[in-house]
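Structural overview
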Amino acid sequence: MDKRDILAGLDDVPWPDLACAYSEEELPRLLRTVASGSAEAEYALADLANALCHQGSVYPASEAAAPFLARMAAAGVRTLEVLEVLGSIAESGDERGLTAPGAARAAVAAQTGLLAPLLAHPDSGVRATAAWALTQGGARALVPLLHERWEAEAHPVVRATVLKALSELDPDLGGRLAAAVLADADAADAADGGELLVAARACLAAGQPWSDRLHAAATAWMADGDVLPHFWNGFDYDPFGDLILALAAGGDPAAAVRLVTTGLSYPGDGVAAPPGAGHVRAKAAWCARELARGYRSPVVALILPLAAAAAGADEEAGFTAISLLRELPREQLPEVGQPAVTDRLAAVAHVRGPDRRADEALIFLIEQGDPRAARLLARDLRDRPFALAAATRWRSSAPPSVPLPGDPALLEAVRAYLREPGPDGNTAAFLLSLVTSWGPAAAPAIPDVLGLQRRHPLNVANALTAIDPGHPAIVPILNRLAASGRSWQRIEAASRLRTLTGADEPLLAALTDGLREQGYQLRSVAEAIIRLGPAGASLGPAVSVALRAARDPVTESALADARVQLALALASLTGDPAAAIPVLAEVLDQDQQQEGGWPAASAADAAADIGALARPLAPAVVPLLDDLTHGPTAVRALLKIDPVSLGGVPLARLADVLVTAVGDPSSHGQDRAVAVLAELGPARLPAAAMVKLRELAERDQRLCRFGVIGNIIRDDEHLRSGLRQLLSELP
C-alpha cells in the first residue's frame, strides 16, 4: 500500500453528517495527522479512537473511517495501534445510529484482504493483534488464512491467539487443532501452559466433554505463574476466567469450581510455593468473584476455599477473597458452618496496625454481627478507616441488621478520637454517626460531641437529638442552620426543628428560598414540600412562580423532573391533583428518548400516583412501553390511570413488557418490573408469562449483572425472592 493512497477519497465523505462520539468536523484532520506520521500522530490517533469507539460505542463515522484506518495499518502507519482501533470497532455491540445493524463490523470485515498479510508481519505483536482484530470482523474467508498462519507460527502468544481465533470462527477446526496440541504435549511431556489453556477452551467450544485431562491442560499455566500477558488484545480479557465462565454457562459449574479451587490452593498442601504462586492465587480469587457474580450454584462450594485464601499468605488474594465473602448473602454461610468462616477472618482482623486486609476482614465481622467486631474496632480505631465507615453503614454493602453495639471500650475509643484536634471531615462524620446510633447509651460522649459543633453542626445536632432530645444546645444549632447556608442543609435543619418544636416558620422560609434553586436542587425542594403536606399551603403562590420560571423548553432531565415534582407539590397544596396534569402532559409529549427517557418516566410515575384523574395521559404513556428501562413504569401508570382498558393495550403485551424487563439485566428496571407484576397479580398473568417467570426464578445464571458491583449477588437473590413470592401466590 502506497502511503499516498491512504487518504484517497477522504474529502468525498460527508464527515459533518456522520455522527461520532464528538467533533465530527475534526475527523478528516485527525485522519490526516495520523497518516502523516508526524509527532502529533500519537495524540491524534488517541483522539480518533475515542471519537470512533468511545467506551465501546460505534457510530456512522466509525463505519466510514474503517477503510482509511485499514490502509494506514497496511502501509505501516502505526500498524499495531491502528489494528487495535479497527478491532475495537468490529467487536462493539453498542451501535449508535449505524446505516444497518452490524455495519461497522462489516466495514472492518471488508478490509480482510488488505489486512491479511499482516498475519505474517515480522513483529509478533502485530501478528497477534491482526489475528484478533480480523476475527472481530467475523469473516469466514479468514479461516484458511489463520490455518496457514497456525502451521507456520512458533511464537507462543501468537499461536494461542490464532488458535482462539480459529476456535471462534470454526469451532470444529479449532477443536481438532487443540486436540493435536494436547496430544503433542502428552507425547513430549512439555508445552506452553498458555497454549494448553487456550487449547482446553477450544476443545470445550468444539463440544468435547470436559475431563481430567482438560483440567490438567487448563491449569498447566500455573507452574509459570502467569498466563499469556496481553493476550487477545484485551486489558480485561483473561483466558482462565473465560474458561471458568464458559464451563458454568455450559452447565458444568462443578468443573468451574474445581478450576478456581485448584488456583486458590496452588500449589497444594505440603508443596513449596514456586515463584509466581501468589499471582496464581490472586487470579483464582478474581475468577471466583466473577464466577459467583455470574452464577448461583457455585457459591456454597466456594465459601470455605475463599475463607482459607482470606487467611493465607497472599495479601492480594486474601483481600479479594474477603471482599467476595462480604458480597455473599448472610444466610448462605451457615450452609458450610459459619464459625469456620468467621473464625478465620477474625484471625485476619486481629492483625495490629494499618493493614488493608485486616480492615476488610473487620468489615466482614461487622456485617455478620460478630460480637468480636466492636472490641477489635475499639483497639484499632485509627487504623481501620473503612471498618469505621462500614460500622456507620456508609461503605457497607450489607448493613448489619442492628447497629454496631455500644461496647464501653469502643465508646471510650470514639470519645478519645473525637477529642483529638482534627479527625478529618469524613472521619468526624462517621464517629458522630456511630455515637448517634447508640442513642442514650452514648450520654458520656456529649461533651466530646459538643466540641465539634462548629465544624459539623448538623451531625452534632443529630447526635444530641438521639442521645438526649431535650438537650439545650440542639434548638440553637438548628435555628442557626435553618436561617442561612445551603438550601438542602437549611431544609433538613428546619425539618428537624419542626419535629422537635412544632414550629413551621423556619421550614416554610427555607422552602420559599429553596424554590429559587435549579435542577436537582429544585426537585428536592419540591419533594420536601410534598412531604410537608397541608402545613405548606402558604407556599402555593411561590410554587406557582417557580413552576412558571421553569417553563423553558425541557432540555434536561433535572429541569423536567423538577417541573414534575413542582406540579405535584402544587396539586398537593391545592388539593386538586388535576392541576398537575398539564405539566405531566407537556413532559410526556417531549421526545421520550431525551435524557435516557427519565423525564418521561418521572411524569408517568407521577400520573400513576394521581390515579384515574390522569387517564387522559394514557395515549402519551403508551409509547414508553417500548423503552426497556422504563417499560415497567409505563405499565404501572396504565394500571393506575386506566385500570379497565389499560390505554387500549392488551394485557398480554403489558405482561410481556414486564417479563422482558425482569429477564434482561440491561433493563435497569428488574426490581420495578417485579413490583409491578405483584401489583398486577399473578392470577391475571398469561400462562406463558408465568412459565417464563418460573424459569427465570430458577435459572443458575444471575439475573442481575449491572448496578453497584459489590451488591450484584445480593441484588440477584433479592430479585429472585420477589419472583418466588409472586409465584407462591398462584393457586
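Residues numbered from 1 in each chain as written. Predicted model: local features only at pLDDT ≥ 70, side-chain atom pairs only at ≥ 80, totals over all residues. Heavy atoms only, no water.

A few points about the overall build of the protein chain
This is how the line gets drawn: For the purposes of this entry, the term helix denotes a DSSP run of H or I that reaches at least four residues, the term strand denotes a run of E that reaches at least two, and both are numbered from the N terminus. Accessibility here uses a 1.4 Å probe with only protein chains present; expressed as a share of the type maximum, an area under 20% marks a residue as buried, one over 50% as exposed, and anything in between as partly exposed. Only heavy atoms enter the contact rule, under which two residues are in contact if any of them lie within 4.5 Å. Only the protein chains shown count as cover for residues, and all accessible areas are computed by the Shrake-Rupley method using a 1.4 Å probe. Asp and Glu are treated as the negative residues and Lys and Arg as the positive ones, with His and the ends of the chain left uncounted. Each charge is placed at NZ for Lys, CZ for Arg, CG for Asp and CD for Glu.
Of the regular secondary structure elements, the protein chain holds 39 helices and three strands. Here the protein chain holds 731 residues, and the buried ones make up 52% of them. Contacts spanning at least 24 positions in sequence make up 66% of the contacts within the protein chain whose residues lie at least 6 apart. Carbon and sulfur atoms make up 54% of the accessible area of the protein chain, which amounts to about 30,800 Å² in all. Here the protein chain carries 64 positive and 88 negative side-chain charges, and the mean point of each set is 6 Å from the other.

Some remarks on the pattern of salt bridges
This is how the line gets drawn: When a carboxyl oxygen of Asp or Glu lies within 4 Å of a side-chain nitrogen of Lys or Arg, that pair is called a salt bridge.
What the rule picks out here adds up to 51 salt bridges. Notably, a salt bridge pairs Arg490 with Asp513, separated by 2.8 Å at the nearest N-O pair. Here Arg490, found in helix α27 (residues 487–501), pairs with Asp513, found in helix α28 (residues 505–514); they are 23 residues apart in sequence, far enough to count as distant. Residue class for Arg490 comes out buried when judged on its relative accessible area of 10%. With a closest N to O distance of 2.5 Å, Arg653 and Asp626 form a salt bridge. In this pair, Arg653 sits in helix α36 (residues 651–663) while Asp626 sits in the loop between α34 (618–621) and α35 (631–641), placing the two residues 27 residues apart along the sequence. Taking the relative accessible area as the measure of exposure, Arg653 reaches 32% and is therefore partly exposed. In this structure Asp626 comes out as exposed when scored by relative accessible area, which is 62%. If you follow the salt bridges from partner to partner, you end up with Asp605, Asp609, Arg636, Lys640, Arg672 and Glu679 in one network.

A closer look at α28
What counts is decided by this rule: Taking the helix axis as origin, the arc is that swept by the directions to the C-beta atoms.
Leu507, Leu508, Ala510, Leu511 and Gly514 are the residues of α28 that are buried. The buried side chains of α28 occupy one side of the element, clustering within an arc of 165 degrees when seen end-on. On its buried face, α28 is in contact with α26 (474–483), α27 and α29 (519–532).

Digging into the environment of Leu511
Looking at the element boundaries, Leu511 is found in helix α28. The exposure class assigned to Leu511 is buried, which follows from its relative accessible area of 0%.

Digging into unusual backbone geometry
Of the consecutive residues Tyr266 and Pro267, the connecting peptide bond is found in the cis state with omega at 5 degrees. Positive phi, normally seen in glycine, also occurs at Arg78, with a value near 45 degrees. In this fold, Arg78 is placed in the loop between α3 (60–74) and α4 (79–91). A positive phi angle, near 55 degrees, is found at His668, a position not held by glycine. Following the sequence through the fold, His668 ends up in the loop between α36 and α37 (670–680).

Brief notes about the sheet that holds strand β2 (residues 57–58)
Let me state the cut-off plainly: Strand pairing requires that DSSP identify at least two bridges connecting the strands.
What the three strands build is an open sheet, ordered β1-β2-β3; its pairing is mixed. Two strands bound the open sheet, and with one partner strand each, they are β1 (53–54) and β3 (94–95). Where β2 meets β3, two bridges bridge the pair, whose relative direction is parallel. Among the inter-strand pairings, Val58 is bridged to a residue of β3, identified as Glu95.

Honestly, that's just the spatial picture; any functional story needs more than this.
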